[in-house]
Amino acid sequence: MATNKRRMAIVGTGHRGTGTWGRDVLETQSDMVELVGLTDLNSGRLAAAAARLPGDPVLSTDLDTMLKQSDPHTLVVCTRDDTHADIIVDALERGIDVITEKPMATTAEDCERILAAEERTGRKVDVAFNYRFAPTSRKLRELLASGRIGTLTEVDFHWYLDTRHGADYFRRWHAYRRHSGSLFVHKATHHFDLLNWWIDSDPDQVYAQGALRRYGRNGTFRSTRCTGCPHAGECDFYFDMHANEWLEDLYEAPSSEDGYVRDACVFREDIDIWDTMTAAIGYANGVQVSYSLNAYMPIEGYHVAFNGTHGRIECRMYEKQAFDAPKGQDEILVLGTDRSVERLVVQHGPGGHFGGDPLLHASLFTPDANDPLSQRAGARAGAASVLTGVAAAMSVDQKRPVKISELSSRFGPDRG
Ligand SMILES: NC(=O)c1ccc[n+]([C@@H]2O[C@H](COP(=O)([O-])OP(=O)(O)OC[C@H]3O[C@@H](n4cnc5c(N)ncnc54)[C@H](O)[C@@H]3O)[C@@H](O)[C@H]2O)c1
């Protein structure tokens, strides 16, 4: 029976596609959305996902078949990062709108292909920047827009991944630049997007450093994967994926089909991404940013501080640490050069990414949803953050500052 619900199909039925876009969207947005199709190259993972999701979507390992048979309004792209662009362009050409997981793409050329396809077809790409929807990110954007600290001049932004979450990027395809663009693209796309949105300008120039100091060839022993590893007892990064029924179902049995295991050794010698990254970023509006990302810390969370002509905003976001810290909330300090001090406490919301995931879903699937703070991000925003990461990686390789306008004629002075 035909309904007025948005017909959603998903390509890529890993943890993100099946969990955040399948299970979670159908739990919270079922009056707006129905799942009509699922595709994954891995038939075992496709079947495992289908078994966990409600409804009766078209299932196919072939995207063309699935799209023809399910006729979706929206395709949600949850595949490996370097595969996003081909899939997005294909869907737009078929007249299907796209929601893509971050990063939108991994190269400047792929960003351009997507932007051109969007213009050519008149269809729309949304980029799933869920961190924009976290209550603390939103509050920071409101405070900056209010002019409380005068004109924004500088930002210090430091993101820390701990040895559980950070190590996860070294267990799979993320560990190779050809698949993820490095963590400057795969992970920092979130952070660069937040910066672009908070600063409300385009990145202009990036000068970066990167090194691999803890994972990959730094290991003094190694195996192929944690399962069956003879070093399990002595390894700081041993991970028992079999203790997690969800990961076991989605990844372990299906791995016999394509060899893609969820717990590959973090000390593989061919890992070619960095785990220690810093960048100095200049913005078109003159704001200067000092950024870092580290993937082997005893803590998880971030520090951010905004300096303005009339004050400073500070926030320390505690996610995981071995000492007592505020739980489920963040504190923001608003400091005036007149010595005024305001302490604001922001509660996290329910759901993934501190409440960001469900709010992102509601914004995407509620018809004509209000968006006063421009939290919904399109392809241009997707490209701006990818290009910042691509410029950072190029800067590390070439040991020089890289202009964003070297990568795309869409960005540069006067293009914002
Ligand atoms: N926004 C966030 O906070 C967040 C969090 C996690 C992951 N992600 C993003 O979500 C995406 C998926 O992440 P994941 O951890 O679920 O990855 P995953 O590797 O676990 O799952 C990806 C799935 O895509 C399938 N696949 C790969 N190429 C394909 C193709 N061309 N056609 C069809 N299927 C294909 C794989 O077989 C796999 O099942 C990535 O882009 C990742 O960066 C975003």
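In short, a report on the structure. All values reported here derive from a predicted model rather than from experimental measurement. (Residues numbered from 1 in each chain as written. Predicted model: local features only at pLDDT ≥ 70, side-chain atom pairs only at ≥ 80, totals over all residues. Heavy atoms only, no water.)

Each helix and strand counted, the chain has 14 helices and 16 strands in total. What you see for the chain is a C-alpha radius of gyration of 21 Å, in line with the 22 Å of a compact globule of 416 residues. Expressed as lengths along the three principal axes of its C-alpha atoms, the size of the chain is roughly 60 × 55 × 40 Å. Of all 416 residues assigned to the chain, the portion counted as buried reaches 56%. Intrachain contacts of the chain at a sequence separation of at least 6 include 72% that bridge at least 24 residues. (Helix = DSSP H or I, 4+ residues; strand = E, 2+ residues; numbered from the N terminus. Rg over C-alpha atoms; globule rule 2.2 N^0.38 Å. Buried < 20%, exposed > 50% of the residue type's maximum accessible area, 1.4 Å probe, protein only. Contact = heavy atoms within 4.5 Å.)

All right, on to helix α13 (residues 356-365) then. Burial runs high along α13: seven of the 10 residues are buried. The complete set of buried residues in α13 reads Gly356, Asp357, Leu360, His361, Ser363, Leu364 and Phe365.

On to the packing of helix α1 (residues 15-28) against helix α11 (residues 245-252), then. Remark: α1 packs on α11, axes separated minimally by 10 Å, with the N-to-C direction vectors making an angle of 120°. Relative to α11, the element α1 is oriented oblique. On α11, the residues touching His15, Thr18, Gly19 and Arg23 of α1 are Trp246, Leu250 and Tyr251. Broken down by class, the residue content of the contact of α1 with α11 amounts to three nonpolar, three polar and one charged. (Axes fitted to C-alpha atoms, helices over the stretch in contact; angles between N-to-C directions. Parallel < 35°, antiparallel > 145°, perpendicular 65-115°, else oblique. Nonpolar A, V, L, I, M, F, W, Y, C, P; charged D, E, K, R; others polar.)

Strands sit in the order β14-β13-β12-β11-β7-β10-β9-β8-β16 across an open sheet of nine strands; the sheet is mixed. Of all the strands in the sheet, the pair left with one neighbour each is β14 (341-347) and β16 (402-403). Looking at chain direction, strand β8 (residues 203-211) and strand β9 (residues 276-283) are connected through eight bridges and run antiparallel. Its bridge partner being in β9, Pro203 is matched across the sheet by Tyr283. Across the sheet, helix α10 (residues 188-199) lies against β7 (152-162), β8, β9, β10 (288-297) and β11 (300-308), angled at about 160° from β7, the strand it touches most. (Pairing = 2+ DSSP bridges.)

Quick look at the state of the cysteines now. Considering all chains together, one arrives at zero disulfides under this definition. For the unlinked cysteine Cys111, the closest cysteine sulfur is that of Cys78, found at 18 Å. Not engaged in a disulfide, the cysteine Cys235 finds its nearest cysteine sulfur in Cys226; these two sulfurs lie 6.3 Å apart. (Disulfide = S-S within 2.5 Å.)

As a further point, take the pairing of β14. In the case of a regular strand, side chains alternate between the two sheet surfaces. Where strand β13 (residues 329-336) meets β14, seven bridges bridge the pair, whose relative direction is antiparallel. In the sheet register, Glu331 faces β14, and the bridge partner there is Val345. Taking the residues that link successive antiparallel strands as the turn, the β13-β14 hairpin has four residues, and the phi of Arg339 there is positive, at about 75°.

Another aspect to go through is empty space enclosed by the protein. Enumeration according to the criterion identifies two cavities of 30 Å³ or more in this entry. Quantified by volume, the largest cavity comes out at close to 110 Å³. For the largest cavity, the lining is made up of 15 residues, of which Cys226, Cys229, Cys235, Cys265 and Val266 are closest to its centre. Here the lining of the largest cavity is built from residues that sort into 10 nonpolar, two polar and three charged. Lining the second largest cavity are Tyr131, Ala134, Pro135, Thr136, Ser137, Tyr302, Met317, Asp330 and Phe354. It is helix α6 (residues 135-145) that contributes the most residues to the lining of the second largest cavity, three residues altogether. A per-class count over the lining of the second largest cavity returns six nonpolar, two polar and one charged. (1 Å grid on protein atoms, 1.4 Å probe; cavity = no way out; pocket = protein on both sides within 12 Å on 5 of 7 lines; lining within 4 Å. Points joined across faces, edges and corners; volume = space filled by probe spheres on them.)

So, on to the pattern of salt bridges. Enumeration over the complete set of coordinates arrives at 35 salt bridges. A salt bridge links Asp86 to Arg113; the shortest N-O distance between them is 2.7 Å. Note that Asp86 is positioned in helix α4 (residues 84-93) and Arg113 in helix α5 (residues 108-121), a separation of 27 residues in sequence. Residue classification places Arg113 among the partly exposed residues on the basis of a relative accessible area of 33%. (Salt bridge = Lys/Arg side-chain N within 4 Å of Asp/Glu carboxyl O.)

A few words now on the site of the ligand. Of all residues adjacent to the ligand, which total 25 residues, the nearest are Asp40, Arg45, Asp81, Tyr251 and Tyr260. In this structure, Tyr251 approaches the ligand through a side-chain N or O atom, which is 2.3 Å from an oxygen atom. When the ligand is considered free in solution it has 850 Å² of accessible area, and contact with the protein chains removes 89% of it. Across the shell around the ligand, the residue classes break down as seven nonpolar, 10 polar and eight charged. (Near = heavy atom within 4 Å. Polar contact = N/O pair within 3.5 Å; in protein donor to acceptor, adjacent residues only side chain to side chain. Areas by Shrake-Rupley, 256 points an atom, 1.4 Å probe, with all protein chains shown as cover.)

Mapped onto the secondary structure, Ala280 falls in strand β9. As a C-alpha pair, Ala280 and Thr20 span 260 residues in sequence and 33 Å in three-dimensional space. Residue contacts for Ala280: discarding those within four places in its chain leaves Gln205, Val206, Tyr207 and Val289.

This part covers the sheet that holds strand β1 (residues 6-11). Read across the sheet, seven strands follow the order β3-β2-β1-β4-β5-β6-β15 without closing on themselves; strand pairing throughout is mixed. Of all the strands in the sheet, the pair left with one neighbour each is β3 (58-60) and β15 (377-378). Direction of pairing for strand β2 (residues 33-39) relative to β3: parallel, over a ladder of three bridges. Following the sheet pairing, Leu38 is matched in β3 by Leu59. Set on the sheet, helix α3 (residues 63-70) makes contact with β1, β2, β3 and β4 (74-77); between it and β2 the angle comes to about 150°.

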